[in-house]
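Per-entry structural report
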Amino acid sequence: MPGQPRNSRTSEESRNSRIQRQVMQLIIDRRLQAGALLPTEAELMGDLGVSRNSVREALKALQALDIVEIRHGYGTYVGQASLTPLIDGLTFRTLARHDHDDSGALAEILQVREVLEEGLIRRVAAAVTEAELDRLEGVVARMETEGRAGRSFPELDREFHELLYASLGNDLVPQLLSAFWTVFRRVSGARGRPADPSPDLTARRHRDIVTALRAGDVEGAQRAMAVHFRGIAARAGEPDRSSPPPPLPFPSLGAAAPRPPLRP
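Please read these numbers as outputs of a predicted model, since none were measured by experiment.

**Structural notes on the overall build of the chain**
A tally of regular secondary structure across the chain gives ten helices and two strands. In sequence order, the secondary structure elements of the chain are arranged as α-α-α-β-β-α-α-α-α-α-α-α. Residues classed as buried in the chain amount to 39% of the 264 residues present. Within the chain, counting contacts between residues at least 6 apart in sequence, those at least 24 apart form 72% of the total.

And the structure:
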């Protein structure tokens, strides 16, 4: 608030943060699941010993984090705690860089995803089933059909990587990978840069991953994944000097949040 003393603002922010933590602790202590109705504002005031305005400010902040969902006229519910706030924050952080290093900004995002996927592919090789490999083959076959027609297939790419790590039984892995995938697509789209090699080559690199997994070739699968990412990195780093960079529109917030992981 303009004119408000700094110490006063700091104290208010600290109090709001404390109330947010208390609401989150209440959700944990009562084992409330996503979609469960939270206590009313009046009940929270009594439980936490704070004012109505303090409760409302805390709930608004938690809603921005997808920890709660406020349905006006109905009440406040436990949110999905999705990674949407992380996606929006990373997208903004990358687009707001002032060093104009487009390739560096994209490379940072890609590097995180690459480290995760190249490290996890070894575990996938030990856990993936024939049925899961068949599903991956099906996705690659659809990629190849699109590639022969010269059409890109970002959603098939996304589906492939989600299916690939489903065998690990760790719901957080595909959600995190999907989050970085979404940020990369948003940023590369806003920068006007292609993020993938040609569709037919992309399909072939995904086929190489499945072929190595089918053969039980752990090292080969890891190499195929590395080649796949090197191709993306090389394409994303190609500068376009033909025209001045256009203004960077910020992608629609929450428009491409990570979907729940695919189930076998």
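Read on for the rest.
**Some points on the environment of alanine 212**
Locating alanine 212 in the fold gives a position in helix α9 (residues 199-214). For the pair alanine 212 and glutamine 222, spaced ten residues apart in sequence, the C-alpha separation works out to 8.7 Å. With residues near it in sequence (within four places) discarded, alanine 212 still touches Asp217, Gly220 and Ala221.

**Some remarks on helix α4 (residues 84-95)**
Look at α4: 16 Å from first C-alpha to last across twelve residues, which is about the 16 Å you get at 1.5 Å a residue. When α4 is considered as a whole, its buried residues turn out to be Thr84, Ile87, Asp88, Thr91, Thr94 and Leu95. Buried residues along α4 cover an arc of 135° about the axis, so they all sit on one side.

What counts and what doesn't
Residues numbered from 1 in each chain as written. Predicted model: local features only at pLDDT ≥ 70, side-chain atom pairs only at ≥ 80, totals over all residues. Heavy atoms only, no water. Helix = DSSP H or I, 4+ residues; strand = E, 2+ residues; numbered from the N terminus. Buried < 20%, exposed > 50% of the residue type's maximum accessible area, 1.4 Å probe, protein only. Contact = heavy atoms within 4.5 Å. Expected span 1.5 Å × (residues − 1). Arc of directions from axis to C-beta.

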